[in-house]
Amino acid sequence: MKNHIVFISAFVVITIVVQVTTIAAQPAAAPAPAGPTNITKILEKAGQYTTLIRLLKSTQVGDQINTQLNNSNQGLTMFAPPDNAFSNLKSGTLNSLTDQEKVELIQFHVVPSFLSVSNFQTVSNPLRTQAGDANNGQFPLNVTTAGNQVNITTGVVDTTIANTIYSDNMLAVYQIDKVLLPLDLFGPPAPAAAPKPQKGSAPNSKDKSADSSPTDDDSSDAMGLACHGVLSFFVAAVIVAFSL
């Protein structure tokens, strides 16, 4: 009986050891891969970015950002104005823009490289945004720092970075206090060129007065000559009458 119990116990122990060894030999399950970066989901999680999210979707700039982030190693930096920044714009500002201008407005908030807060101290101005080349004066975006404060100017708007919403060494999203209005869309209109004088146009008053002076002199001279001729004729007639 004892031998039977020992045999069963040994069998159980061996079975457990074998099972444990088998489990330990199996490779650990790989962690579930992280989902692709999605800028709208990041802003939705942060809250208070309803207008910006709507513009990202309607202009399809949000899809462009997600595609670039998940298919390249360049990284991106986005300046995100909250809803109250859009509310502070002049009434009708967004509605006055064409679809293409709305695309440029949102692209002006995106820098095609990753910038940490410390990077702003060494960047070269003007920053290049996805809206276009800043060197032609249409989309200038300049950054200055004072301690930990980052100041941004567009030539139309001056604002600061309020806080960091998201950063993962590929994408940096910073909250700003105002909507970045590019000079190309919201700057003062260029002064109109002075009209060129048309050919054959009437002379001005100075020309008229200048032209009239010689004419008056000629008239006076002609009158004097006529009077002198009449006087000479009268004198000659008197002399002839006395000589008869």
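Residues numbered from 1 in each chain as written. Predicted model: local features only at pLDDT ≥ 70, side-chain atom pairs only at ≥ 80, totals over all residues. Heavy atoms only, no water.

Naming follows an unreviewed UniProt entry, where the chain appears as FAS1 domain-containing protein of Papaver somniferum. In its Function (unreviewed entry) section, the UniProt entry covering the chain states "May be a cell surface adhesion protein." (UniProt positions renumbered as here; feature names shortened; annotations may be inferred.)

**Considerations on the packing of helix 3 (residues 50-59) against helix 6 (residues 99-107)**
Close contact between helix 3 and helix 6 brings their axes to 10 Å; oriented N to C, the two are set at 125°. When the axes of helix 3 and helix 6 are compared, the pair comes out oblique. Crossing handedness for the pair helix 3 and helix 6: left-handed. In this structure, helix 3 uses Leu-52, Leu-55, Leu-56 and Thr-59 to contact helix 6, whose residues at the interface are Lys-102, Val-103 and Ile-106. Across the contact of helix 3 with helix 6, the residue classes break down as five nonpolar, one polar and one charged. (Axes fitted to C-alpha atoms, helices over the stretch in contact; angles between N-to-C directions. Helix = DSSP H or I, 4+ residues; strand = E, 2+ residues; numbered from the N terminus. Parallel < 35°, antiparallel > 145°, perpendicular 65-115°, else oblique. Left-handed = near helix turned anticlockwise from the far one by under 90°. Contact = heavy atoms within 4.5 Å. Nonpolar A, V, L, I, M, F, W, Y, C, P; charged D, E, K, R; others polar.)

**A look at the packing of helix 2 (residues 39-46) against helix 3**
Axis separation between helix 2 and helix 3 bottoms out at 10 Å; the angle between their running directions is 165°. Accordingly, the angle class assigned to the pair helix 2 and helix 3 is roughly antiparallel. Regarding helix 2 and helix 3, the two cross each other, and that crossing is left-handed. On helix 3, the residues touching Ile-39, Thr-40, Leu-43 and Glu-44 of helix 2 are Leu-52, Ile-53, Leu-56 and Lys-57. Taken together, the residues of the contact of helix 2 with helix 3 break down into five nonpolar, one polar and two charged.

**Some remarks on the environment of Val-150**
With respect to the helices and strands, the residue Val-150 is situated in strand 4 (residues 149-153). Separated by 33 residues in sequence, Val-150 and Val-117 place their C-alpha atoms 7.9 Å apart. Excluding anything up to four places from it in sequence, Val-150 contacts Phe-120, Val-143, Thr-144, Thr-145, Thr-159, Thr-160 and Ile-161.

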